[in-house]
Amino acid sequence: DAEITQSPRHKITETGRQVTLACHQTWNHNNMFWYRQDLGHGLRLIHYSYGVQDTNKGEVSDGYSVSRSNTEDLPLTLESAASSQTSVYFCASSGTGSTTGANVLTFGAGSRLTVL
Amino acid sequence: GENVEQHPSTLSVQEGDSAVIKCTYSDSASNYFPWYKQELGKRPQLIIDIRSNVGEKKDQRIAVTLNKTAKHFSLHITETQPEDSAVYFCAASIAEQLVFGKGMKLTVNP
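Further remarks concern the overall build of chain A. Broken down by element type, chain A carries 0 helices and 11 strands. In chain A, the order of α-helices and β-strands from amino to carboxyl end is β-β-β-β-β-β-β-β-β-β-β. Projected onto its principal axes, the C-alpha positions of chain A cover 45 × 25 × 25 Å. Relative to its 116 residues, chain A shows a buried fraction of 48%. Contacts in chain A between residues at least 24 apart in sequence constitute 54% of all its contacts with a sequence separation of at least 6. In the form shown here, chain A has an accessible surface area of approximately 5,400 Å², with 47% of it arising from carbon and sulfur atoms. In chain A, the 8 positive side-chain charges and the 10 negative ones have mean positions that sit 7 Å from each other.

With that settled, the discussion passes to the interface of chain B and chain A. Contact residues are listed per partner, giving 19 residues for chain B and 25 residues for chain A. Carbon and sulfur atoms make up 53% of the surface buried where chain B meets chain A, a total of about 1,900 Å² over both sides. Here chain B is connected to chain A by 0 salt bridges. Where chain B meets chain A, there are 5 residue pairs in polar contact (both at pLDDT 80 or more). Listing elements by their share of the side of chain B that touches chain A, those giving two or more residues are β4 (32–38), β5 (45–51), β9 (86–94) and β10 (97–100) of chain B.

Now for the state of the cysteines. All names here are of chain A. According to the stated counting rule, one finds 2 disulfides over all chains in the structure shown. The disulfide partner of Cys 23 is Cys 91, and the gap between their sulfur atoms is 1.8 Å. Disulfide Cys 23-Cys 91: the torsion about the S-S bond is -75°, which places it as left-handed. With Cys 23 in strand β3 (residues 19–25) and Cys 91 in strand β9 (residues 87–94), this pair connects stretches of sequence that are 68 residues apart. Each member of the pair, Cys 23 as well as Cys 91, carries the same accessibility label: buried.

How each quantity is defined
- Residues numbered from 1 in each chain as written.
- Chains lettered and ligands numbered in written order.
- Predicted model: local features only at pLDDT ≥ 70, side-chain atom pairs only at ≥ 80, totals over all residues.
- Heavy atoms only, no water.
- Helix = DSSP H or I, 4+ residues; strand = E, 2+ residues; numbered from the N terminus.
- Buried < 20%, exposed > 50% of the residue type's maximum accessible area, 1.4 Å probe, protein only.
- Contact = heavy atoms within 4.5 Å.
- Areas by Shrake-Rupley, 256 points an atom, 1.4 Å probe, with all protein chains shown as cover.
- Lys, Arg positive; Asp, Glu negative; His and termini not counted.
- Charge placed at Lys NZ, Arg CZ, Asp CG, Glu CD.
- Buried area = accessible area lost by both parts, 1.4 Å probe.
- Salt bridge = Lys/Arg side-chain N within 4 Å of Asp/Glu carboxyl O.
- Polar contact = N/O pair within 3.5 Å; in protein donor to acceptor, adjacent residues only side chain to side chain.
- Disulfide = S-S within 2.5 Å.

Structure (C-alpha cells):
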C-alpha cells in the first residue's frame, strides 16, 4: 500500500545544531507540504513543493529550508535549531488533476522535535 | 492571504447529543473545504470535505454545510459517541494549499 513516512519520529537536539527531518511518500504525489503543530496555533504551513526542483515558503518559513530532488522525498532542514522550533512536524502530500481546487491531503505520522 | 477562524475551541457533549463546529474564511476565492479529525498522538485524518459548487454533503453521522456568500462552513456530528472525542480542524484552500483553523477539542461524555 502507498504511504507517507517520516523519520525520526522523535528527536532531541541542542540549540544551534542542524537538524533534518525526512519525509518519504510512495503515493507518487506531486505536491508535498511541511506543517508544524503547536498548542493554540493549529497546523501552520512551513514550506511546500509542487514538483521536483520546486519549493515555496509558507506562513512560518523562517529558520527552515527544504529541497525536492525527486518525487518521493521532501526533507525539512533546521539550519540552526532554536527552542522556538520545539514542535510536532507533519509532512503531507496530495495529488494533482482536480479541476475544482485542492486535492486531498494525506499526512505522515509526525516527528516530535525537542530543542534544548 | 487566507485566514480561517474556528469556534468554539472546546466543546463537551453527552453521548447521543449533536455537535456543531463552525468555521469562517476570508478569501472568497477559496474553493475546497476539508475537515480533519486528530486523535491524541495521531496524525490528522480527513473525515469529510466539500467543494465550492456544493452546499451540503453528508456521510452517515457527519455532514458539512457551506455558505459561500457568508464565507462560513460548518461540521455537524449527530448521535455522538465516545470515539468521536478528538480535535477537529477545518481548512480552506486556494489552489493547492490548505490553511487550517486552530482546531476544536470535542469531548463526548458517556
